Amino acid sequence: TSCSIEQLVRVESELSRLSETDELTGLYNRRGFWTRTSALLTAPRSCGGVLAYLDLDGLKELNDTRGHAVGDATIRAVAEALCRVAGPDDVVARLGGDEFAVFLCDWTAGLDALRDRLATEVISAGGSASVGLATVESVEELTVDALVVRADALMYADKHLKRSRRSSGQRP
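An account of the accompanying structure is given in this report. (Residues numbered from 1 in each chain as written. Predicted model: local features only at pLDDT ≥ 70, side-chain atom pairs only at ≥ 80, totals over all residues. Heavy atoms only, no water.)

Regarding the packing of aromatic side chains
As enumerated under the stated definition, the model contains 1 aromatic pair in all. Ring centres of Phe33 and Trp34 lie 5.8 Å apart, and the angle between their planes is 75 degrees; this geometry places the pair in the edge-to-face category. Given a relative accessible area of 0%, Phe33 falls into the buried group. (Phe/Tyr/Trp six-rings, centres within 6.5 Å; stacked < 30°, edge-to-face > 60°. Buried < 20%, exposed > 50% of the residue type's maximum accessible area, 1.4 Å probe, protein only.)

Right, dumping it as structure tokens:
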């Protein structure tokens, strides 16, 4: 049997979509995030930008105690919540497991406001997350890799701060 050009184009389009999409959430996956965000950073009219790197707190414990179906539902709810923060030109991705990234092109309300908005949305989805925020201006080399490395380091600093507050009896 032979395929028409239209069928081949549809198959190629579907394969491309699948290679860049997280199956559980429908968000971009790591490849899709890198591709889309790189394109935004290198565009002639490159947007400013903030990269939010999020790691869900307690997902392993949730999976272990309440089951993976509950964990998956939480991941999907958090994905939807992050999409409520993002605009049409922004990029939202599940990078794997319990890690998400959001690249916001034109966030102007400040980093504290973004951290609060993300926390509120994630909590509304039944989760909690450690967050690292890196601005385009905060990295020397303007690449997705540089932004992710900076935001990931800041996310781990946030996670360690929460742990130390919990162990000392303070509110996270």
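Here the narrative resumes.
Remarks on the nonpolar core
Membership of the largest hydrophobic core comes to 25 residues, with the highest contact counts inside it found for Leu54, Leu56, Leu82, Phe100, Val102 and Leu118. Looking at this core, the element that brings in the most residues is helix 4 (residues 68-85), giving 6 residues. Not counting residues up to four positions away in its chain, the partners in contact with Leu118 are Ala52, Leu82, Val85, Val131 and Leu133. In this structure, Phe103, Ala134, Leu147 and Met155 belong to the second largest nonpolar core, which totals 19 residues. (Core = buried A, V, L, I, M, F, W, Y, C linked by side-chain atoms within 4.5 Å. Helix = DSSP H or I, 4+ residues; strand = E, 2+ residues; numbered from the N terminus. Contact = heavy atoms within 4.5 Å.)

Structural notes on the pairing of strand 2 (residues 91-96)
Within strand 2, 5 of the 6 residues are buried, which leaves it mostly tucked inside the rest of the structure. Sheet topology note: the strand 2/strand 3 (residues 99-104) ladder contains 5 bridges and is antiparallel. Note on strand 3: the bridge partner recorded for Ala93 is Ala101. The loop that links strand 2 with its antiparallel partner strand 3 comprises 2 residues; one of these, Gly97, has a positive phi angle of about 50 degrees. (Pairing = 2+ DSSP bridges.)

Remarks on helix 6 (residues 144-167)
In a regular helix each residue adds 1.5 Å, so 24 residues correspond to 34 Å; helix 6 covers 34 Å between its end C-alpha atoms and thus fits that length. Val144, Leu147, Val148, Ala151, Met155, Asp158, Lys159 and Lys162 are the residues of helix 6 that are buried. Lining the buried residues of helix 6 we find helix 2 (30-42), strand 1 (50-56), strand 3, helix 5 (111-124) and strand 4 (129-135). Where helix 6 terminates, the next one or two residues include Gly169, which has phi positive at roughly 85 degrees. (Expected span 1.5 Å × (residues − 1).)

Digging into the sheet that holds strand 2
Strand order in the open sheet made by the 4 strands is 2-3-1-4, with antiparallel pairing throughout. The open sheet terminates on both sides in strands that have one partner only, identified here as strand 2 and strand 4. In this sheet, neighbouring strand axes are inclined to one another by 20 degrees on average, regardless of whether the strands run parallel or antiparallel. Sheet strands in contact with helix 5 are strand 1, strand 3 and strand 4, and its direction is about 150 degrees off that of strand 4. The strands touched by helix 6 are strand 1, strand 3 and strand 4; relative to strand 4, the strand with the most contacts, the crossing angle is about 145 degrees. (Axes fitted to C-alpha atoms, helices over the stretch in contact; angles between N-to-C directions.)

Digging into the packing of helix 2 against helix 6
One way to put it is that helix 2 packs onto helix 6 with a least axis distance of 9 Å and a crossing angle of 110 degrees. Taken together, the axes of helix 2 and helix 6 are roughly perpendicular relative to one another. Here helix 2 contributes Phe33, Trp34, Thr37, Ser38 and Leu41 to the contact with helix 6, which in turn contributes Val144, Asp145, Leu147 and Val148. Of the residues belonging to the contact of helix 2 with helix 6, the class tally is 6 nonpolar, 2 polar and 1 charged. (Parallel < 35°, antiparallel > 145°, perpendicular 65-115°, else oblique. Nonpolar A, V, L, I, M, F, W, Y, C, P; charged D, E, K, R; others polar.)

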